[in-house]
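Residue-level structural notes
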Amino acid sequence: MGIVNVTPDSFSDGGRYLDLPAAVAHAQRLIEEGADILDVGGESTRPGAESVDSETELSRVLPLIESLAGCNIPISVDTSKPQVMRAALAAGASMINDVNALQAPTALELAAAGDAAVCLMHRQGDAATMQLAPYYDDVVGEVRQFLAQRVAACERAGIARARIAIDPGIGFGKLLPHNLALLRSLEALRIDGTATLIGVSRKAWLGQLTGSPVEARLGGSVAAACYALAHGAQIARVHDVKATRDALTVLEALNG
Ligand code: PT1
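One structure accompanies this document, and this report is about it. For every chain, the first residue of its written sequence is number 1, and the numbers climb from 1 along that sequence. Only residues with pLDDT of at least 70 are given local features in this predicted model, and only at 80 or more are side-chain atom pairs given and counted; all residues enter the totals for whole chains, interfaces and linings. Calculation of side-chain values draws on the structure's entire complement of heavy atoms; hydrogens and water are dropped beforehand.

**Some words on the pattern of salt bridges**
Any carboxyl oxygen of Asp or Glu within 4 Å of a side-chain nitrogen of Lys or Arg constitutes a salt bridge here. One pass over the full model with this rule turns up 10 salt bridges. Across the salt bridge formed by R29 and E33, the nearest N and O atoms sit 2.8 Å from each other. Of the charged contacts in the structure, one is a salt bridge between R190 and E187, with a shortest N-O distance of 3.3 Å. Think of it in three bands: residues with accessible area under 20% of the maximum for their type are buried, residues over 50% are exposed, and the middle band is partly exposed, with areas taken using a 1.4 Å probe on protein chains only. A relative accessible area of 41% places R190 in the partly exposed class. For E187, a relative accessible area of 48% gives the class partly exposed. Through salt bridges with shared partners, a single ionic network connects D39, D78 and R237.

**Quick notes on the sheet that holds strand 6 (residues 164–167)**
Any two strands are treated as partners once DSSP identifies two or more bridges connecting them. A helix here means a DSSP run of H or I that spans at least four residues, while a strand means a run of E at least two residues long, and both kinds are numbered starting from the N terminus. Spatially, 1-2-3-4-5-6-7-8 is the arrangement adopted by the eight strands of the open sheet, whose pairing is parallel. Each edge of the open sheet is held by one strand with a lone partner, namely strand 1 (2–5) and strand 8 (235–237). Averaged over neighbouring strand pairs, the angle between their axes works out to 25° when direction is ignored. Here strand 6 pairs with strand 7 (residues 195–199) via two bridges, running parallel. Note that in strand 7 the partner of I166 across the bridge is T196. The contact criterion used is simple: two residues touch if any of their non-hydrogen atoms lie within 4.5 Å. For helices, the axis comes from a line fit to the C-alpha atoms of the stretch in contact; other axes are also lines fit to C-alpha atoms, and the angle between any two N-to-C directions lies between 0 and 180 degrees. Along the sheet, helix 5 (residues 139–157) makes contact with strand 5 (117–121) and strand 6, crossing strand 5 at roughly 150°.

**What about the nonpolar core?**
Here, nonpolar core refers to any group of buried Ala, Val, Leu, Ile, Met, Phe, Trp, Tyr and Cys residues whose side-chain atoms link them within 4.5 Å. Grouped together as the largest cluster of nonpolar side chains are 63 residues, with contacts concentrated most on L38, V40, I65, L102, I159 and I198. Counting residues per element, this core draws most heavily on helix 5, at eight residues. Counting residues in each nonpolar core, the second largest holds seven residues, with M95, A165, L197 and I235 among its members.

**Points about unusual backbone geometry**
In this structure, L102 takes a positive phi of about 60° despite not being glycine. Mapped onto the fold, L102 is located in the loop between strand 4 (95–98) and helix 4 (107–113). The class of L102 is buried, set by a relative accessible area of 2%. We note that T106 has phi near 75°; this positive angle belongs to a residue other than glycine. Here T106 lies in the loop between strand 4 and helix 4. Classification of T106 as partly exposed rests on a relative accessible area of 44%.

See the structure below:
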């Protein structure tokens, strides 16, 4: 899954893809590099990011989704707002990637009404506060329980497991040891019939391990994505599609 941010404050793109032609060009490059899904987001959810209203978010993502509707891979919309979900689906998106796991009023019903895929992510706290004091007694158990509850809520609403991806939410209210524990436990976190999605690309914990600033975390990002895909994840949300694909191709050849 290739990331296409349309935000002025995106933590790693620095708002480079704010204008529509540049965003479309970036998306096309990710497709050429071998992305299977594009994830379009108009609100940054990284730690400390400011929230935006629905109108602003829509004005960022809708034109891009409309321009990409003719491309041959599924478009995912990275949003927690039902209003944005509804408009994005109408414009051609076929997946809802919600860091709030469809907990907003009407989000579940809206997702269930169509046939879109959904990604349910775990987080502790919100963007403003989540990294201040993350705390867990048992991070893997608590994340697993939350995701199981959200999958059950989806099923009750009429969303079959085949349409669901689950995501432990790396960096969302988690310290380095929490992130490591979750990545080491992806097999244990799996829920039958769903896919596991993982987002590690360029995140702070990689910088904590390597000392590298956000623009120099390619090596760490690729290693973490490959590890996740080899240990229970099926979808990796990445900025660097080419490097990640190449690494996976080599690993697959070595593994026979
Ligand atoms: C993710 C994800 C996402 N991550 C899904 N969607 C972001 N499903 C946006 C940091 O620690 O992992 N899964 N949408 C980006 N969010 C962050 C969080 C970016 C933490 C950076 C950090 O640096």
